[in-house]
Amino acid sequence: MSTDTNLRVIIIGAGRMGADHVERLTRRIAGAEVAAVVDIDLARAQRAAELAPSIVAASDIDQVVNREDVDAVVLATPGFLHEEALLQLLERDLPILCEKPLTPDSGSSWKIVEAEQRKGRKQIQVGFMRRFDADYQHLRGLFESGELGQPLMLHCAHRNPDTPPGFTNEMLIHDSVVHEFDAIRFLTGEEIKSVQVRLGRCTRHAPAGQHDPQHVLIETESGVLADVEIFVNAQFGYQVTTEAVFEKGIVNIGGDTGPYARTAGRWGGKVAQSFIDRFGAAFDAEVKSWVDAAKRGEIHGPTAWDGYAAAACCEAGVAAQKNGERVAVCLRPKPEMYR
Ligand code: ISE
């Protein structure tokens with residue numbers, strides 16, 4: 001399609017991320033517009049569609065997916081609904097931005113990888129937004145250039161203020177640490193070989209059934225070691241930091257930034273309260289990059305293979321939560337299309 005025409009996008013799922021993408025594509029990203037919002041809860045779709053009079057609200061993908069004037073799809077439903085929708089959208093030949101996870105387990109993710117291969121070209125970008133964060137990109141550049149020598153270790157912290165109802169113990173791994181699995185693969189350019197999880201003292205703020213925080217130990221193919229503190233009821237706010245240890249230097253990203261104020265007898269700044277604040281710019285850059293590539297008939301950024309690899313890491317992580325052992329990550333051979 002011409003790069004001067006707007007990409008007309010269907011957003012499937014009008015929950016927190018879906019509604020945020022409607023807002024982003026309508027108000028913040030040039031070159032695209034929302035054609036339709038789909039949610040099983042029609043009232044929720046209608047609320048999200050109120051942002052522009054041209055947006056159609058629907059309760060079923062089938063009501064809009066075959067429209068002539070639709071160019072692309074953002075899939076923002078819960079992960080367990082992705083497999084069926086992705087298979088249908090691949091058949092329709094539309095470029096897809098799929099919020100993480102690609103699917104909840106490596107078996108179903110592999111089916112998506114196979115279906116995309118049968119189509120013979122990449123159609124799916126997975127929503128691992130950290131890859132579009134300026135600091136992560138800077139750090140990735142240092143891994144690539146070798147300027148600071150070889151990377152040796154990563155110390156990561158991933159803290160959320162609290163968890164929504166129904167956030168299970170396993171979700172600490174497959175909903176939260178999934179981002180570190182992808183970020184570590186992105187930074188090092190390597191696959192993850194094994195995962196171990198250690199449980200220490202539990203915060204009194206953890207809801208029943210959740211052990212929080214957890215210490216996740218990750219090893220890449222070449223032996224880079226990463227430790228992740230996942231702490232999802234940290235109360236004070238949202239924080240994601242990484243310290244990368246190289247042979248010739250240490251680099252920190254994700255520290256406190258923004259205006260520094262002195263007021264009411266205190267000094268300091270604001271702590272982000274959610275991933276939407278912390279990664280707002282990264283989400284914008286991610287969606288903009290997807291829109292621009294889709295208009296050229298291309299797909300960039302994290303692929304279905306990355307979604308599959310992250311799902312395999314999560315499976316190892318959940319097994320490691322249960323047995324306390326170092327669990328190997330099992331991956332099938334990487335298809336040529338993703339090399
Ligand atoms: C949530 O689903 C996200 O993707 C956030 O980035 C992460 O920080 C949070 O832990 C997840 O629950």
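Everything below is about the structure shown above.
Since we're looking at a predicted model, the values are computed, not measured.

## A closer look at the overall build of the protein chain
- Helices and strands together make up the secondary structure of the protein chain, namely 9 helices and 15 strands.
- Scaling as 2.2 N^0.38, a compact globule of 339 residues should have a C-alpha radius of gyration of about 20 Å, and the protein chain matches this with 20 Å.
- Counting only C-alpha atoms, the protein chain reaches 55 × 55 × 45 Å along its principal axes.
- Across the 339 residues of the protein chain, 53% fall into the buried class.

## Here's the deal with helix α9 (residues 304-323)
- Taking 1.5 Å per residue, 20 residues should reach 28 Å; α9 reaches 29 Å between its end C-alpha atoms and fits that length.
- Across the 20 residues that make up α9, a large majority, 16, are buried.
- Where α9 begins, the capping side chain belongs to T303, and its oxygen is found 3.2 Å from the backbone nitrogen of W305.
- Positive phi shows up at G324, right after α9, with a value of about 70 degrees.

## Concerning unusual backbone geometry
- For the bond running from K100 to P101, omega is 0 degrees, close enough to zero to count as cis.
- Looking at the element boundaries, P101 is found in the loop between β5 (96-99) and α4 (106-119).
- The peptide bond linking D212 to P213 adopts the cis configuration, its omega dihedral lying at 0 degrees.
- With respect to the helices and strands, P213 occurs in the loop between β8 (192-199) and β9 (214-220).
- Phi at D93 is positive, roughly 65 degrees, even though this residue is not glycine.
- Mapped onto the fold, D93 is located in the loop between α3 (82-91) and β5.

## A few points about the sheet that holds strand β6 (residues 124-127)
- As summarised here, the arrangement of the 6 strands in space is β3-β2-β1-β4-β5-β6, forming an open sheet in which the pairing is parallel. The strands lining the two open edges of the sheet, one partner per strand, are β3 (56-58) and β6. The mean inter-strand angle of the sheet, taken between neighbouring strand axes irrespective of direction, is 25 degrees.
- In terms of strand pairing, strand β1 (residues 7-12) meets strand β4 (residues 72-75) through 4 bridges, oriented parallel. Bridge assignment links I12 to a residue of β4, and that residue is L75.

## A short note on helix α2 (residues 42-49)
- Buried residues of α2: A45, A48 and A49, and no others. Seen along its axis, α2 keeps its buried residues to an arc of 100 degrees; they face one direction.
- On the buried face of α2, the contacting elements are α1 (16-28), β2 (32-38) and β3.

What counts, and at which threshold
- Here, residues in each chain are numbered from 1, in the same order as that chain's written sequence.
- This being a predicted model, a pLDDT of at least 70 is required before a residue's local features are given, and a value of 80 or more before pairs of side-chain atoms are given or counted; all residues contribute to the totals for chains, interfaces and linings.
- Only hydrogens and water are set aside when side-chain values are computed; all heavy atoms of the structure are taken into account.
- Helix numbers and strand numbers start at the N terminus; a helix is a DSSP run of H or I with at least 4 residues, a strand a run of E with at least 2.
- We compute the radius of gyration over the C-alpha atoms and compare it with the globule rule, which gives 2.2 Å times the number of residues raised to the power 0.38.
- Exposure classes here rest on a 1.4 Å probe applied to the protein chains alone. A residue is buried below 20% of its type maximum, exposed above 50%, and partly exposed in between.
- In this scheme, a helix's expected span is set at 1.5 Å multiplied by one less than its residue total.
- Each polar contact in these results corresponds to two N or O atoms within 3.5 Å; when the atoms are within protein, one needs to be able to donate a hydrogen and the other to accept it, and residues that are neighboring in sequence are counted only if both atoms are side-chain atoms.
- When DSSP finds two or more bridges between a pair of strands, those strands are recorded as paired.
- The angle between two axes is taken between their N-to-C directions and runs from 0 to 180 degrees, where each axis is a line fitted to C-alpha atoms and a helix contributes only its stretch in contact.
- In this description, the arc belongs to the directions extending from the helix axis to the C-beta atoms.
- Whether two residues are in contact is decided by their heavy atoms: any pair within 4.5 Å suffices.

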